[in-house]
Amino acid sequence: MIHFRFKKDNRGFTLIETLIVILILAIIAFTLTPVIRQCIDVWILATNTNDILAEGRLLLWRMTKELRNANSITAITPTSVSFTVPGSAEIVYSLSANSLHRLIPAAGQDYILAKDISSFSLTYLARDSQTQIDPATGNPADVWEIHFNLSIKKGNRTLGFQSSVSPRNLTH
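Residues numbered from 1 in each chain as written. Predicted model: local features only at pLDDT ≥ 70, side-chain atom pairs only at ≥ 80, totals over all residues. Heavy atoms only, no water.

**Some details on the overall build of the protein**
And step 1. Helix and strand counts for the protein come out as one helix and nine strands.
And step 2. Overall, the protein shows an N-to-C arrangement of helices and strands of α-β-β-β-β-β-β-β-β-β.
And step 3. Against the compact-globule benchmark of 16 Å for 172 residues, the protein has a radius of gyration of 31 Å, which places it well outside the compact range.
And step 4. C-alpha extents for the protein along the principal axes are approximately 105 × 40 × 25 Å. (Helix = DSSP H or I, 4+ residues; strand = E, 2+ residues; numbered from the N terminus. Rg over C-alpha atoms; globule rule 2.2 N^0.38 Å.)

**A word on unusual backbone geometry**
And step 1. Phi angles above zero are rare outside glycine, and Asn98 is one such case at about 60 degrees.
And step 2. Its location among the elements puts Asn98 in the loop between β3 (90-96) and β4 (99-104).
And step 3. Its identity as a non-glycine residue notwithstanding, Asp116 has a phi of 60 degrees, on the positive side.
And step 4. With respect to the helices, strands and loops of the structure, Asp116 is situated in the loop between β5 (109-114) and β6 (117-125).

Right, here's the structure in full:
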């Protein structure tokens, strides 16, 4: 049979040893906190950037696709465009209260395509692709090319997008 002998002076940690360990752990935590915070901030920025890029690309793809198939442009303003697509009712893209809307007035449908839009502007060009058409006085039937400028903001990150489209099926 084996007998274990314990030392009689084995009393554990003293209060001073415990306080020194706590102090060392506090110093380590204090020095690592900024590094961890910076890693979290970079992750949040990357996530916001990725979300904005995905939303902006999808938004421009959809708008470009529908406007490319437009057979007539019926109304223009600096922040909205109204047009018809073959086999469909009138479609309106417009900015309202930092949200980009897709309206189908005949059906009473209003879809919010994107939120957190910090800016949205449309520029209209005539057939020569150089003469800019003033939305206030110009004729929508003279529009041959449309340029979009769009900025989306999420958190502290803002990204800008640009695209242009020439409708293929204009009937004028």
